[in-house]
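# Working through the structure, step by step
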Amino acid sequence: MNVIIYCRVSSDEQAEGTSLAVQEQRLTRFCERLGYNIIDIPHREDASGKTFKKRPVIQNIMRYIRTHKGQVDKLLVLRWNRYSRDLPTAMANLVELQTLQVEVNSIEEPINYESATWPHLIGTYIGMAHSDNLSRSHATLDGIHGTLLKGKCTNKAPRGYRNVRVSKHNSFVEVDEEKAATIRKAFQEVAKGVETANCIRRRLCPSIPRGTFFRMLHNIFYKGEILVPAYKDEPEQIVKGQHEAIIDAETFYKVQDILSGKRKSEPKLSKAIIPDLYLRKYIVCPICGHS
């Protein structure tokens with residue numbers, strides 16, 4: 001009997017006694033006791049992908065099974081939630097393995113495929129894990145929305161700020177003055193309307209990609225506010241952030257006007273362009289913006 005063992009774990013589960021080493025040890029002992037031959041291919045997965053396509057190890061196992069038809073009898077896992085926590089994708093993968101005449105089973109929650117109840121039992125085992133995932137996801141989204149409504153940053157702080165963690169559930173954002181000074185200068189220069197925003201980027205922030213720079217200029221976080229996306233029956237809204245603003249509101253909105261074309265980003269020339277005077281369009285006064 002040739003078998004492949006499959007171990008999968010997320011970082012949160014390491015402390016629950018289901019680490020990769022523990023799973024491998026139990027699966028190996030089970031196979032030794034029954035005289036199963038374990039096919040030596042990579043079987044440890046620490047990816048938490050919802051679908052099988054996002055898990056490189058299980059994809060490698062599936063490729064091996066497809067190219068070695070008739071040489072693999074079983075795919076064994078410790079529990080069914082190690083195989084999958086998503087019922088639809090698990091059933092699709094299970095059907096494919098059945099067509100390849102490979103039995104998927106759990107050593108702690110074994111299924112008797114000769115019984116007509118096996119689809120119900122697999123649905124129960126994986127369905128419970130699926131329900132748990134959905135509950136955690138809903139709780140996480142509720143928590144993120146509630147945190148945003150309080151004006152707190154829930155992700156990595158934007159450029160010019162840094163995340164400070166006091167404890168596991170207590171963190172805040174503070175200004176990284178070394179980077180903030182450059183960003184503040186960039187906003188102020190764009191607000192003048194003398195140079196194009198991209199020229200200012202190349203001069204002040206050459207390491208920031210063009211797209212990232214323009215998204216930064218539109219980000220209300222820099223003027224001390226946070227965008228709260230629409231959630232359930234609540235509309236999208238903007239709240240005052242608990243962080244310190246880098247840019248004052250007046251400068252921020254001047255930048256928005258220039259980027260949207262409401263204000264000319266280049267000064268008008270009082271005379272027609274003469275080909276010989278090719279720098280006339282670019283040499284301007286940095287104070288008033290006139291040529």
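One structure accompanies this document, and this report is about it. Note that this is a predicted model, so its numbers are computed, not measured.

### Regarding the overall build of the chain
When helices and strands are tallied, the chain shows 9 helices and 10 strands. Over its C-alpha atoms the chain spans a radius of gyration of 29 Å, topping by over 25% the 19 Å that the globule rule assigns to 291 residues. Expressed as lengths along the three principal axes of its C-alpha atoms, the size of the chain is roughly 90 × 45 × 35 Å. When burial is assessed residue by residue, the chain has 37% of its 291 residues classed as buried. Accessible area of the chain: about 17,500 Å², with a carbon and sulfur share of 53%.

### A closer look at the packing of aromatic side chains
A full pass over the atoms with the stated rule returns 10 aromatic pairs. A centroid spacing of 5.9 Å and a plane angle of 80° characterise the contact between tryptophan 80 and tyrosine 83, whose relative ring orientation is edge-to-face. Of this pair, tryptophan 80 and tyrosine 83 both sit in helix α3 (residues 80-83), 3 residues apart, which is roughly one turn of the helix. Neither tryptophan 80 nor tyrosine 83 differs from the other in exposure class; each is buried. Ring geometry for tyrosine 161 against phenylalanine 221: centres 5.0 Å apart, planes inclined by 90°, an arrangement best described as edge-to-face. Of this pair, tyrosine 161 sits in strand β7 (residues 161-167) while phenylalanine 221 sits in the loop between α8 (210-218) and β9 (225-228); the two residues are 60 residues apart in sequence, bridging distant segments of the chain.

### Description of helix α2 (residues 56-67)
The first and last C-alpha atoms of α2 sit 17 Å apart over 12 residues, in line with the 16 Å expected at 1.5 Å per residue. What α2 keeps buried is the set Val57, Ile58, Gln59, Ile61, Met62 and Ile65. Where α2 is buried, its residues meet β1 (2-5), β4 (44-45), β5 (74-77) and α4 (87-99).

### Quick notes on the pairing of β7
Bridging between β7 and strand β8 (residues 170-175) involves 6 bridges; their strand directions are antiparallel. From the neighbouring strand, arginine 165 faces β8, where its bridge partner is serine 171. Linking β7 back to β8 in an antiparallel pair, the connection comprises 2 residues.

### What about the sheet that holds strand β3 (residues 37-38)?
Judged by pairing direction, the sheet is parallel, and its 4 strands sit side by side in the order β3-β1-β5-β6 without closing on themselves. The sheet is open, and its two borders are formed by β3 and β6 (103-106), each paired with just one other strand. Here 4 bridges tie β5 to β6, and the two strands are oriented parallel to one another. Residue pairing for β6: lysine 74 is matched across the bridge by glutamate 103. Contacts from α2 reach β1 and β5, with the element oriented near 165° to β1.

### Quick notes on the environment of leucine 87
Position of leucine 87 among the secondary structure elements: in helix α4. It is 6.4 Å that separates the C-alpha atoms of leucine 87 and histidine 130, two residues lying 43 residues apart in sequence. Sequence-distant contacts of leucine 87, defined by excluding residues within four places in its chain, comprise Gly123, Ile126, Gly127 and His130.

### Observations regarding the nonpolar core
Among the nonpolar cores identified, the biggest contains 28 residues, and Tyr161, Phe187, Phe213, Leu217, Tyr222 and Ile246 are the most heavily contacted of them. With 6 residues, the top contributor of residues to this core is helix α6 (residues 177-192). Leaving out residues up to four positions away in the same chain, phenylalanine 187 has contacts with Met216, Leu217, Tyr222, Ile247, Thr251, Phe252 and Val255. Counting 25 residues, the second-largest nonpolar core is a separate cluster that includes Tyr83, Leu94, Ile111 and Ile126.

Parameters at a glance
Residues numbered from 1 in each chain as written. Predicted model: local features only at pLDDT ≥ 70, side-chain atom pairs only at ≥ 80, totals over all residues. Heavy atoms only, no water. Helix = DSSP H or I, 4+ residues; strand = E, 2+ residues; numbered from the N terminus. Rg over C-alpha atoms; globule rule 2.2 N^0.38 Å. Buried < 20%, exposed > 50% of the residue type's maximum accessible area, 1.4 Å probe, protein only. Areas by Shrake-Rupley, 256 points an atom, 1.4 Å probe, with all protein chains shown as cover. Phe/Tyr/Trp six-rings, centres within 6.5 Å; stacked < 30°, edge-to-face > 60°. Expected span 1.5 Å × (residues − 1). Contact = heavy atoms within 4.5 Å. Pairing = 2+ DSSP bridges. Axes fitted to C-alpha atoms, helices over the stretch in contact; angles between N-to-C directions. Core = buried A, V, L, I, M, F, W, Y, C linked by side-chain atoms within 4.5 Å.

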